[in-house]
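Residues per chain are reported as follows:
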Amino acid sequence: MKRLLVCVPGLTGSTTNWNPLLDRLRAEEAFKDVEILRFDHGCRLLSTKFASRLSDELTAMVNGECERQKRTGVPYDDICFIAHSLGALLTRRAYLLALLGDDRSGQAPLPWANRVSRIVLFAGINRGLFPSDKDAQKAPHQFLRWLLRRAVELYGELPSHLLAEDLLAGSDFVTNIRLSWIRTLRNLDSPPVIVQVLGTRDSIVTQNDGVDLDLTGDRITLAGANHSTVLDVEEHDKFHAQRYALILQAMFDTFAPRAKKEKTSEAIVFVVHGIRAGNTSWVRRAAELVKKSLPGATVVPATYGYFSALHFFLPFVRKKRTLWFKETYCYYLSREPSATFHVIGHSYGTYLLGYSLKRLPDMRFCRIVLAGSVLPKEFDWTSRLGKQVQEVWNHRSQRDVPVAILCSVLRGLGMKDIGTGGYYGFEAIPEIHEFCYYPGGHGAPLENQYLPRLVAELAGQQNAPCDQLPTELEWFSRLSRTASFFPYLMLLGVGVGLFAHFWFGLPTESSVLLALLLLCVIGMVVAFI
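Residues numbered from 1 in each chain as written. Predicted model: local features only at pLDDT ≥ 70, side-chain atom pairs only at ≥ 80, totals over all residues. Heavy atoms only, no water.

**Details of the environment of Arg-243**
Its location among the elements puts Arg-243 in helix 7 (residues 241-252). Given the relative accessible area of 9%, Arg-243 is considered buried. Between the C-alpha atom of Arg-243 and that of Gly-199, which follows or precedes it by 44 residues, the distance is 9.9 Å. (Helix = DSSP H or I, 4+ residues; strand = E, 2+ residues; numbered from the N terminus. Buried < 20%, exposed > 50% of the residue type's maximum accessible area, 1.4 Å probe, protein only.)

Structure representation (structure tokens):
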């Protein structure tokens, strides 16, 4: 049997320190004639390369080696991967690319994917760096982990790029791998054996970092090893016989397939509040109604904390919380891969949903209920219906100032990731159900008399007919349309006032009054055009 062993290092960027282990593996009968392919990418945590490009390079390298060997007339019959730390993510994505292909680049599936029999991940950061869920809170050095995560997130707002940004838990790179891995491997007839090898002194990776791998492999623990020494079988001229024996077990033993978990939840329901709110208001009431309507459901409230209007104004803070949504979705999917997901979101909660759907092709929700949505009215639901989303309900209010006015102003400032879909509605297609206009402001659809209807929609139950809702307020709609011009009108008014003050010598008070009068006149003209 012709074998290929692919070695993918972590944040050291090199497999040089693997030599003692590889030399011993080559001496084993099963690996006597093995070919070793080293992917020494040379990248560190502060490298500027994109992780997706690294995994593309790994895919291309393995494919090139397989084609080279094929031309000799003796193709590889079996392919094994050994990966460490960051290398675990690169290896998993390279395998998925080879297995499924890539629609975006037009790459077809590669034949060598079907010959991968085993993937051994040493201290693999399979959930990304510094996850923030409950399991990660038991890891050591909590303050240092928090500090490093915040530093990477802050750097992510700069024009340059760090590899560490791609490796954060909840990042697009990590989350797309996890979602695709969970959905793909559980449906394979003969998946490769996946083994996570972890040291007992690892301060970066915990046992729960192997949760995505449980269906097709096992975990092995090495006593006394930390994150960097988990591959060391020799230390100070001392041979770790027990550690090497366990590594051999990971490399060659047959593991009994794990029994599929029984469903503990038929449905996972996200209930996500918006700005200036918490889990003590309508969220608690909605959770109670969901549990009555869907007795087997698990309700997931928002845990990203209080989110102020000022936070919402700042694009980098607005986007940062999406890491929580993506990471939490993965957390529940890895534990309930066959459950159906639904979401009811209000205000900023709808932004978390929409932004995540755009970035994660494998994120799926059956029914989505939106109230006071801050998504753009041009949001592309059409391409997602039937794939990521089945049905959408959009509930709108008559005097929704945050959506109709504030979001319009922010769009006027060039912030196109938010919009007025929660006031004007989305594209008219059958799968999107529009309900408008609720009498009241931003939270009107979530009041006690309406909330049961929203939960009934989420549960897929027959809805009782609601009272006839009033129509839009024409003056408010005109004000909303004008709002996108507010920033420019203010600049114009300030310019006119300064010009009148310095050129014509008008007193400061007169200049201010002139500027305000001009703003009012122009605003009224624009509003009624």
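**Concerning the pairing of strand 3 (residues 78-84)**
Across the seven residues that make up strand 3, a large majority, seven, are buried. Residues Asp-78, Cys-80, Ile-82 and His-84 point to one face of strand 3 and Ile-79, Phe-81 and Ala-83 to the other, with burial holding for every one of them. The pairing of strand 1 (residues 3-8) with strand 3 spans six bridges and is classified as parallel. Residue pairing for strand 3: Val-8 is matched across the bridge by Ala-83. (Pairing = 2+ DSSP bridges.)

**With respect to the sheet that holds strand 9 (residues 267-272)**
The strand order across the open sheet built from six strands is 10-9-11-12-13-14, with neighbouring strands paired in parallel fashion. A strand with exactly one partner marks an edge of an open sheet, and here the two such strands are strand 10 (297-301) and strand 14 (432-438). Direction aside, neighbouring strands of the sheet carry axes that sit 10 degrees apart on average. Sheet analysis places strand 12 (residues 365-371) next to strand 13 (residues 389-397), joined by six bridges and oriented parallel. The partner of Phe-365 across the bridge, within strand 13, is Val-389. (Axes fitted to C-alpha atoms, helices over the stretch in contact; angles between N-to-C directions.)

**Digging into the packing of aromatic side chains**
Scanning the entire structure with this criterion turns up 25 aromatic pairs. With a centroid separation of 5.3 Å and 50 degrees between ring planes, the pair formed by Phe-270 and Phe-325 is classed as tilted. Of this pair, Phe-270 sits in strand 9 while Phe-325 sits in helix 11 (residues 322-335), and the two are 55 residues apart along the sequence. Since its relative accessible area comes to 0%, Phe-270 is described here as buried. An aromatic cluster of at least three residues, connected via ring pairs, comprises Phe-270, Trp-324, Phe-325, Tyr-329, Tyr-331, Tyr-332, Phe-341 and Phe-365. (Phe/Tyr/Trp six-rings, centres within 6.5 Å; stacked < 30°, edge-to-face > 60°.)

**Focus: helix 8 (residues 282-293)**
Its twelve residues give helix 8 an end-to-end C-alpha distance of 16 Å, which sits within 8% of 16 Å, the value for a rise of 1.5 Å per residue. Among the residues making up helix 8, those that are buried are Trp-282, Val-283, Ala-286, Ala-287, Leu-289 and Val-290. Projected down its long axis, helix 8 shows its buried positions confined to an angular sector of 165 degrees, all on one face. Each element contacted by the buried residues of helix 8 is listed here: strand 9, strand 10, strand 11 (340-346) and helix 15 (451-459). (Expected span 1.5 Å × (residues − 1). Arc of directions from axis to C-beta. Contact = heavy atoms within 4.5 Å.)

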